[in-house]
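Analysis of the macromolecular model
As a plain string of letters, each chain reads:
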Amino acid sequence: MTDIVVRPIDERDVPFLWEMLYASLHTKEGEEPFERDIINRPELSKYVEGWGREGDFGFVAVATHEGQDRRLGSITLRFFDEQNAGFGYVNAETPEMGMAIIEESRGQGVGTRLIQTALEEAKQRGIAAVSLSVDPDNEAIRLYRRFGFVEVGMCGTSVTMMCTIQ
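Throughout what follows, the structure given in this document is the object of discussion.

Here we come to the overall build of the chain. Scanning the chain from terminus to terminus reveals four helices and seven strands. From first element to last, N terminus to C terminus, the chain shows the α and β order β-α-α-β-β-β-α-β-α-β-β. The C-alpha atoms of the chain give 15 Å as radius of gyration, which agrees with the globular expectation for 166 residues (15 Å, within 12%). Each principal axis of the C-alpha distribution contributes one length, and for the chain these read about 45 × 40 × 30 Å. A burial count over the chain gives 44% of its 166 residues as buried. Within the chain, contacts between residues separated by at least 24 positions form 63% of all contacts whose residues are at least 6 apart in sequence. Summed over its atoms, the accessible surface of the chain is roughly 9500 Å², and 47% of this surface lies on carbon and sulfur atoms. Here the chain carries 17 positive and 28 negative side-chain charges, and the mean point of each set is 3 Å from the other.

With that settled, consider helix H1 (residues 14-23). Looking at H1, one finds that the buried residues are Phe16, Leu17, Met20, Leu21 and Tyr22. Among the structural elements, helix H2 (42-45), strand S2 (57-65), strand S3 (68-78) and strand S4 (96-101) are those in contact with the buried residues of H1.

Each aromatic ring pair is described using two quantities: the centre-to-centre distance and the angle formed by the ring planes. This structure, assessed with the given rule, holds two aromatic pairs. When the centroid spacing of 5.3 Å and the interplanar angle of 70° are considered together, the rings of tyrosine 47 and phenylalanine 80 count as edge-to-face. With tyrosine 47 in the loop between H2 and S2 and phenylalanine 80 in the loop between S3 and S4, the pair connects residues that are 33 residues apart, well separated along the chain. Positioned above the aromatic ring of phenylalanine 80 is the side chain of lysine 46, whose terminal nitrogen or guanidinium carbon lies 5.9 Å from the ring centre. Taking the ring centre of phenylalanine 80 as reference, the NZ or CZ of arginine 53 above it sits at 5.7 Å.

Here the structure, examined in full by the defined rule, presents ten salt bridges. For the salt bridge of glutamate 104 with arginine 70, the shortest nitrogen-to-oxygen distance reads 2.3 Å. Pair noted here: glutamate 104 is in the loop between S4 and helix H3 (110-124) and arginine 70 is in strand S3, with a separation of 34 residues, a long-range link. With a shortest N-O distance of 2.7 Å, arginine 125 and glutamate 121 are connected by a salt bridge. Here arginine 125 falls in the partly exposed class, since its relative accessible area comes to 44%. Members of the salt-bridge network, linked through shared partners, are Arg7, Asp10, Arg12, Asp13 and Arg71.

Here glutamate 49 lies in the loop between H2 and S2. For the pair glutamate 49 and valine 60, spaced eleven residues apart in sequence, the C-alpha to C-alpha distance is 17 Å. When residues no more than four places from it in sequence are discounted, the contact partners of glutamate 49 are Trp18 and Arg78.

By the secondary structure assignment, serine 158 is in strand S7 (residues 158-164). Owing to a relative accessible area of 17%, serine 158 belongs among the buried residues under this scheme. Here serine 158 is in contact with Ser133, Val134, Asp135, Pro136 and Gly153, once residues within four sequence places are set aside.

What counts, and at which threshold
Residues numbered from 1 in each chain as written. Predicted model: local features only at pLDDT ≥ 70, side-chain atom pairs only at ≥ 80, totals over all residues. Heavy atoms only, no water. Helix = DSSP H or I, 4+ residues; strand = E, 2+ residues; numbered from the N terminus. Rg over C-alpha atoms; globule rule 2.2 N^0.38 Å. Buried < 20%, exposed > 50% of the residue type's maximum accessible area, 1.4 Å probe, protein only. Contact = heavy atoms within 4.5 Å. Areas by Shrake-Rupley, 256 points an atom, 1.4 Å probe, with all protein chains shown as cover. Lys, Arg positive; Asp, Glu negative; His and termini not counted. Charge placed at Lys NZ, Arg CZ, Asp CG, Glu CD. Phe/Tyr/Trp six-rings, centres within 6.5 Å; stacked < 30°, edge-to-face > 60°. Lys NZ or Arg CZ within 6 Å of the ring centre and 35° of its normal. Salt bridge = Lys/Arg side-chain N within 4 Å of Asp/Glu carboxyl O.

Written out as structure tokens, the structure is:
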């Protein structure tokens, strides 16, 4: 029996956050995957670099099976400003959410659990809204819509979505 636990990110998860940053880069069916070092570019590395700064929060989904822990996915929320805007930047008061699930665990409810936990935490912190950036061809867009994310713009070829927290 495998139990899935969603827990806050801690410093030992940072290498996994880098893996998930790479996993979050959507490629269309049949396209070559990105080179691994793309995550070192400033426009991408800013999502993980120096993780744990003021305002950062997020969670990791972990499966425990026979005493072994295996990370399945992560969700991060980080504030940016206009000078350092992310792809899903809306304003300085709205953290940008990033999420990725390891390939073999997609479609099994892990993303749902991560988003639920992140939005509950944002609400407890008094955050009014959360934004994200997603490729319009990424199937995760349906999950985001289910949680109330709506399209508010485009950044390059990605859709910027925002969820107002009740």
